[in-house]
Amino acid sequence: MSKYAGKQGSFGLQLAEFAEKANAAINASVREVAIEIGNSLIRMSPVDTGRFRANWHASLDFIEPYTFDDLDPSGRETIESLVAAFNDFRPGQQIYIVNNLPYAIPLEYGHSAQAPGGMVRITLARFQRIVDEAIRNNQV
């Protein structure tokens, strides 16, 4: 009997286990990137009443067309909602983070002294760092 008897499937099994871990790490990284982008947008949003912060919406596979009268000056509740929405993320889904208030675009382009450089453009400039950090945090 060969010393390798009974070992035929071990490499295939190890490869399958690695693939499963790698997919989990990729999904965790995507989720972490989405959460950090949302956090950045919310934290950088100017605050008067807190309505603008409360109107950042996270969704999967569809763009929410709504606006709300809620106020969230700290952004804490909005961030919690964002994290909850992205905890349901599954591979292949599209991720959306939107703010549908009519003054979102003027705020993005410097209408507020609190955020003269906007929120989206600054977060976009940090995108690669956000991705790199998520990958480091979720390595196999």
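Residues numbered from 1 in each chain as written. Predicted model: local features only at pLDDT ≥ 70, side-chain atom pairs only at ≥ 80, totals over all residues. Heavy atoms only, no water.

Novice: When you look at the layout of surface pockets in this model, what are you seeing that I'm missing?
Specialist: A water-sized probe, rolled over the atoms, reveals where empty space remains. Taken as a whole, the largest pocket encloses approximately 280 Å³ of empty space. Mapped onto the lining of the largest pocket, the elements with two or more residues apiece are α1 (10-44), β2 (95-99), α4 (104-108) and α5 (120-125). Partitioning the lining of the largest pocket into residue classes produces eleven nonpolar, two polar and one charged. The volume enclosed by the second largest pocket comes to roughly 220 Å³. (1 Å grid on protein atoms, 1.4 Å probe; cavity = no way out; pocket = protein on both sides within 12 Å on 5 of 7 lines; lining within 4 Å. Points joined across faces, edges and corners; volume = space filled by probe spheres on them. Helix = DSSP H or I, 4+ residues; strand = E, 2+ residues; numbered from the N terminus. Nonpolar A, V, L, I, M, F, W, Y, C, P; charged D, E, K, R; others polar.)

Novice: Sorry if this is basic, but what is going on with helix α3 (residues 76-87) here?
Specialist: Think of an α-helix as turning once every 3.6 residues; residues three or four places apart then point the same way. The first and last C-alpha atoms of α3 sit 17 Å apart over twelve residues, in line with the 16 Å expected at 1.5 Å per residue. Considered for burial, the residues of α3 that qualify are Thr-78, Ile-79, Leu-82, Ala-85 and Phe-86. What you see down the axis of α3 is that its buried residues fit within an arc of 125°, all on one side. For α3, the exposed residues set more than 90 degrees away from the buried face come down to Arg-76, Glu-77 and Glu-80. Of the surrounding elements, those touching the buried residues of α3 are α1, α2 (51-54), β1 (56-60) and β2. (Expected span 1.5 Å × (residues − 1). Buried < 20%, exposed > 50% of the residue type's maximum accessible area, 1.4 Å probe, protein only. Arc of directions from axis to C-beta. Contact = heavy atoms within 4.5 Å.)

Novice: In this structure, what is going on with the packing of α1 against helix α6 (residues 127-137)? I would like to understand it.
Specialist: Any two packed helices are characterised by how steeply their axes cross, that is the angle between the axes, and by the distance between the axes. Orientation of α1 relative to α6, taken along the N-to-C sense of each, is 140°, at an axis distance of 9 Å. Considering their axes alone, α1 and α6 lie oblique with respect to each other. Crossing geometry of α1 relative to α6 is assigned as right-handed. Contact residues: Ser-29, Glu-32, Val-33, Glu-36 and Ile-37 in α1; Phe-127, Ile-130, Val-131, Glu-133, Ala-134, Ile-135 and Asn-137 in α6. In terms of residue class, the contact of α1 with α6 is built from seven nonpolar, two polar and three charged. (Axes fitted to C-alpha atoms, helices over the stretch in contact; angles between N-to-C directions. Parallel < 35°, antiparallel > 145°, perpendicular 65-115°, else oblique. Left-handed = near helix turned anticlockwise from the far one by under 90°.)

Novice: Looking at this structure, I do not really get the packing of aromatic side chains. What am I missing?
Specialist: Aromatic rings in a pair are described by how distant their centres are and how their planes are angled relative to each other. Counted according to the given criterion, the structure contains three aromatic pairs. For the pair Tyr-66 and Phe-68, a centre-to-centre distance of 6.3 Å together with 45° between the ring planes defines the contact as tilted. (Phe/Tyr/Trp six-rings, centres within 6.5 Å; stacked < 30°, edge-to-face > 60°.)

Novice: Would you mind going over the side chain of Glu-108 with me for this structure?
Specialist: Here Glu-108 shows up in helix α4. A distance of 2.9 Å separates a polar atom in the side chain of Glu-108 from the backbone nitrogen of Met-119. Setting aside residues up to four positions removed in sequence, Glu-108 forms contacts with Gly-117, Gly-118, Met-119, Val-120 and Arg-121. (Polar contact = N/O pair within 3.5 Å; in protein donor to acceptor, adjacent residues only side chain to side chain.)

Novice: Sorry, what's going on with the confidence of the model for the protein here?
Specialist: Where the model shows low pLDDT, its predicted coordinates should not be examined in detail. Scored by pLDDT, the protein has a mean of 91; 94% of the residues are at 70 or more. Ranking the helices and strands of the protein by mean pLDDT puts α2 first, with 98, and α1 last, with 89. (pLDDT = per-residue confidence, 0-100.)

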